[in-house]
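Chain and residue survey
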Amino acid sequence: MKRLFDLTFFLLAVLIFSLPVLLISLTLWFVERHPVFFRQERIGKDKQPFQILKFQTMVNGIPTPVGALLRKTGLDEIPQFFNVLKGDMSIVGPRALTRQDIDRLGWNDEYHSARWSVLPGITGLAQLYGGQHRKTSWFWDRHYLKNHPLLLDAGIVAVSFMMNLFGKTRVRQYVFGRKDLK
């Protein structure tokens, strides 16, 4: 059922984001004059590595003007829908991390192993909240792992789409009722 959910939202994303993807790609290529896409190894289900696809938003470690806007709205992650089609990711799930992130967070132990029992997601509870701290991220990931009905997935997708339209900070502050969230 989860795979059907993912494929359905993949098709919706293609319909909704086709024109924005074209405009973003042309802007990155012709205006900012750098490669459109960025690939990076991430760790997925069962700790299997895969190549994540995103819009390139940084040059030499610094966000470009267009990249800053894409990151602020989450639109830099649209290419990950192809990771969903390929089966490396789900629409909703824990964030796909690099090996360095896992080491830095100290999540290589048995206590955190449940995190790799599902496909990573383009969006998820921890991403909505903003990853304020590793304990907060783990709290939301663990909550999702214990309670991930498709209705919750649909709600997470709806809030994520609102972030694409209005920006992550504004939506986080509204949804969680806290002005200190970025």
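Above this note sits the structure.
Residues numbered from 1 in each chain as written. Predicted model: local features only at pLDDT ≥ 70, side-chain atom pairs only at ≥ 80, totals over all residues. Heavy atoms only, no water.

**Points about helix α1 (residues 2–31)**
Within α1, the axis deviates most sharply at F17, by approximately 55°, and proline P20 lies no more than four positions further along. Buried within α1 are the following residues: F5, D6, F10, A13, F17, I24, S25 and L28. (Bend = angle between axes of the 7 residues up to and from the residue. Helix = DSSP H or I, 4+ residues; strand = E, 2+ residues; numbered from the N terminus. Buried < 20%, exposed > 50% of the residue type's maximum accessible area, 1.4 Å probe, protein only.)

**Some thoughts on the packing of helix α7 (residues 150–166) against helix α8 (residues 168–176)**
Orientation of α7 relative to α8, taken along the N-to-C sense of each, is 135°, at an axis distance of 7 Å. Here α8 runs oblique to α7, going by the angle between their axes. Across the interface between the two elements, V159, M162, M163 and F166 of α7 pack against K168, R170, V171, R172 and V175 of α8. Across the contact of α7 with α8, the residue classes break down as six nonpolar, no polar and three charged. (Axes fitted to C-alpha atoms, helices over the stretch in contact; angles between N-to-C directions. Parallel < 35°, antiparallel > 145°, perpendicular 65-115°, else oblique. Contact = heavy atoms within 4.5 Å. Nonpolar A, V, L, I, M, F, W, Y, C, P; charged D, E, K, R; others polar.)

**Describing the pairing of strand β1 (residues 37–43)**
As judged from the seven bridges shared by β1 and strand β2 (residues 49–55), these two strands associate in the antiparallel manner. Across the sheet, the residue bridging to F38 is K54, located in β2. Between β1 and β2, which pair antiparallel in sequence order, lie five residues; one of them, D46, sits at a positive phi of approximately 55°. (Pairing = 2+ DSSP bridges.)

**Regarding the pattern of salt bridges**
According to the stated counting rule, one finds eight salt bridges in the structure shown. Between K54 and D76 there is a salt bridge, with its nearest N and O atoms 3.9 Å apart. Pair noted here: K54 is in strand β2 and D76 is in the loop between α2 (65–73) and α3 (80–86), with a separation of 22 residues, a long-range link. By sharing partners, the salt bridges in this structure join K54, D76, E77 and R95 into a single network. (Salt bridge = Lys/Arg side-chain N within 4 Å of Asp/Glu carboxyl O.)

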